[in-house]
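In case you want the letters, here they are:
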Amino acid sequence: MAQDSARTELMGKLQRACQNAQPARIYAELNSLGEAPSPTLPASSLCEAFLINVLKNQGTVACTSNRSEAVKAVAEHLHSRFRTRKLVAGNDPRLAAMPWRDGAVLPRFGAAEHGENASLSYACMGIAETGSIVTYTGKSNPAANNLLVEDHIVLVDTATLVATLDDAWTQINKDQQESGRPRGINFISGPSSTADIEAQLVKGAHGPRSWHVILLGEIPEDALSNARNATEA
Amino acid sequence: MSNIPEEQGSAAFLGNVRDSLLETDKVKRRDMLGLFMPLVRDAAVDQFDQFQDLRKQVKGVKQHTLDNLHHYLSQFESEALDNGNQVHFARDSSEMNSIVLGICQSHRAQRVVKGKSMVTEETHLLHHLQRAGLSVVETDLGEYIIQQANETPSHIVGPALHKSADEIRELFLKKHDLGERELEGPTEMVAEARSVLREHFLSADVGIIGANALIAENGYSMLVTNEGNGDLCANLPKVMIVCTTLDRIVPRASDAMAALRLLVRSATGQPITCYTSFYSGPRREQDVDGPIETHFVLLDNKRSDILASDYREMLQCIRCGACLNHCPIYIGVGGHAYGSVYMGPMGSVLTPLLDSLEEAQALPDACTACGRCEEVCPSSIPLPDLLRDLRHEKNREKLTPSRWRLGMKTHAWLLARPRLYHTLSGIGIPVLAWLGRKKGSFKSLMLANGWTDQRDFPAPQGKTFMQQYAAQRKANNGSR
């Protein structure tokens, strides 16, 4: 009861303080305010801009042109970091269909558990503006897979790269029209980090200590070397 | 259960300032912060060509949102309900605290993990839950450190930046079972906190987080963190509670994106944080993880009054902390001196509005009128103007000493009569200059002891500005 009265009281106070125009007028006014500008991308190629920003976000990257190469890149990362072939991956049909044998990778499909070394996510998209990858929570990528492991490995299809945060939401809205609203939408832009002790940046706060992005598809030949040059300078 | 820190009113501000200026070690760290944070913010802003246009667009949308808050809040509520949430409204801190406690108790929850949220600092939620016998752990590293030290945040973004690495090490050595480990350096300390907090995440019954934005068009809340602690709170426990306020509402996802671009650059100089997450509600039928029950608790705590007042623009604050990092007073005295949950320029405006002007009357004076806060505020809030308005109100409500008010009145009367003012100052200033001609300054001055108690008053150099100006004009005209 107290709850209802709090709501009624509050809404009443807001109503008195607001213009209370018709919704159509409100939206017309909102639309007249124009669109927010986004920052200029650091390169004209989406792939290169995305790679530059992933590197700036303390991520590591690999470029692959087909699924077999991608599996091998996963294997290489697992071997160099943990001397293992195991990882956990969500029940994503695209991941189920990967040629795992090409890299002798042994995936376990499901949700990550505390203590597991590495997880693999297939990103819904990559955002060039911020060097972020996007995942939706659900069977194909349980939230734990983004958070509980030491290393988070992410596959990103070049075909799913978008330029800006706004473009990402345009795609998210499109996806939602088809399959409803996911519980969670995660923009991930680097390994978990903190600067809470004397403002010094430390990687591996609560989530993954390392973040490895494998770009998959048609990538301009010099994109990776350009990106490395741009971030090392 | 830890002790509850004694609440300090901002009434104690001046005393606190005196104490805090004596802590040389902390003064040095604050000076570093005051140099370093503006640099990283400027670098990030400089890389964004149209930053001023972005600021203007966001300002327009924020203003529009507040003008139509009733509409957008109703829309958010209905979308959030459709998404499967329970939505609660709290008039004040105690209502929010009891709603949250009620939810925890209905699930017989014992263990609660909390993400960083200034709103729950405002309501002292942690202590309310602890008093009811719950185990509550702050999981943002900075918040965890100050929880262990039984302190309050000194900064709205970096709550433990007042502590040295050595102090934090001592704290962990005291509070954690470390055996032989020494915890050399921040990396080891972060690893230690990580392993301790991981256990809490895995065993928690309820997760509490804040929100950086509430998106009206789809009912998602936006959470911005670097550590990922908020996401662990939002995804692992069976119950998730989002504690936030009405002024976080934005109409569209694109408006949240625009605000995000401003927020992160202004707060930490990043183009984006490691984790930017959007949560809509409980787990869906096909999901294998996520909370089973989710709640929004929306706190008013006088925000609806602020909306109806001349201080409405303060509701556009996105809590980035840039005004703190750029304020000579904040950098000089530190966040704890304010004795309030919010500090720095935004805190000096907000605290009198949330508590009372009478209790927080020292805070609007904590301003040099340098204007840096307004310059860097991503929401272009005219903080110096709002502080001046509060000082004005203080005067009107006779909260200032009567002698002070009489002085102000006399001064105003004189300023309204320029001829008389120029005549009197034309006599007074040369007299002062003559009196101070030997030492060049005054150790004390009648009627201005408040000023000369702290520093010497420089003696005027000859004539008044207007006299010099008139003389120069005459000379220039003559030479033409």
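Above this text you will find the structure in question.
Values in this document were obtained by computation on a predicted structure and should not be read as measured data.

Caption draft 1: Expanded view of the side chain of Thr452 of chain B. Residues and elements named next belong to chain B. Looking at the secondary structure, you find Thr452 in helix α21 (residues 449–452). For Thr452, a relative accessible area of 6% corresponds to the buried category. In this view, Thr452 contacts Phe442, Lys443, Ser444, Leu445 and Phe457; residues no more than four positions away in its chain are not counted.

Caption draft 2: Region of the structure containing the interface of chain A and chain B. Counting from both sides, the interface comprises 77 residues of chain A and, opposite them, 102 residues of chain B. Interface area for chain A against chain B, summed over the two sides, is near 7,400 Å², with a carbon-plus-sulfur share of 57%. Scanning the region where chain A abuts chain B turns up 7 salt bridges. The salt bridge partner of Arg261 of chain B is Glu129 of chain A, with a shortest N-O separation of 2.7 Å. In this assembly, chain A and chain B are joined by 46 residue pairs in polar contact (both at pLDDT 80 or more). Within the residue set of the side of chain A that touches chain B, elements represented by two or more residues are α1 (2–17), α2 (23–32), α6 (143–147), α7 (165–179), β9 (184–188) and β10 (193–194) of chain A. Residue contributions to the side of chain A that touches chain B peak at 12 residues, all from α1 of chain A. Here the residues of the side of chain A that touches chain B are counted per class, giving 35 nonpolar, 28 polar and 14 charged. Bridge count for β9 of chain A against strand β9 (residues 275–279) of chain B is 5 bridges, and the pairing is antiparallel.

Caption draft 3: Summary view of the packing of helix α19 (residues 402–415) of chain B against helix α20 (residues 418–435) of chain B. All names here are of chain B. The geometry of α19 relative to α20 is characterised by a closest axis approach of 6 Å and an angle of 110° between their N-to-C directions. On the basis of the axis angle, α19 is roughly perpendicular to α20. Packed against α19, whose contacting residues are Trp413, Leu414 and Leu415, the element α20 presents Pro418, Leu420, Tyr421 and Leu424 at the interface. Partitioned by chemical class, the residues of the contact of α19 with α20 number 7 nonpolar, no polar and no charged.

Caption draft 4: A look at the environment of Gln316 of chain B. All names here are of chain B. Position of Gln316 relative to the elements: it lies in the loop between α13 (303–307) and α14 (322–325). Sequence separation between Gln316 and Val100 is 216 residues; the distance between their C-alpha atoms is 26 Å. In this view, Gln316 contacts Lys59, Lys62, Gln63, Leu66, Ser379 and Ile381; residues no more than four positions away in its chain are not counted. One polar contact links Gln316 to Lys59, side chain to side chain, over a distance of 2.9 Å.

Thresholds applied
- Residues numbered from 1 in each chain as written.
- Chains lettered and ligands numbered in written order.
- Predicted model: local features only at pLDDT ≥ 70, side-chain atom pairs only at ≥ 80, totals over all residues.
- Heavy atoms only, no water.
- Helix = DSSP H or I, 4+ residues; strand = E, 2+ residues; numbered from the N terminus.
- Buried < 20%, exposed > 50% of the residue type's maximum accessible area, 1.4 Å probe, protein only.
- Contact = heavy atoms within 4.5 Å.
- Buried area = accessible area lost by both parts, 1.4 Å probe.
- Salt bridge = Lys/Arg side-chain N within 4 Å of Asp/Glu carboxyl O.
- Polar contact = N/O pair within 3.5 Å; in protein donor to acceptor, adjacent residues only side chain to side chain.
- Nonpolar A, V, L, I, M, F, W, Y, C, P; charged D, E, K, R; others polar.
- Pairing = 2+ DSSP bridges.
- Axes fitted to C-alpha atoms, helices over the stretch in contact; angles between N-to-C directions.
- Parallel < 35°, antiparallel > 145°, perpendicular 65-115°, else oblique.

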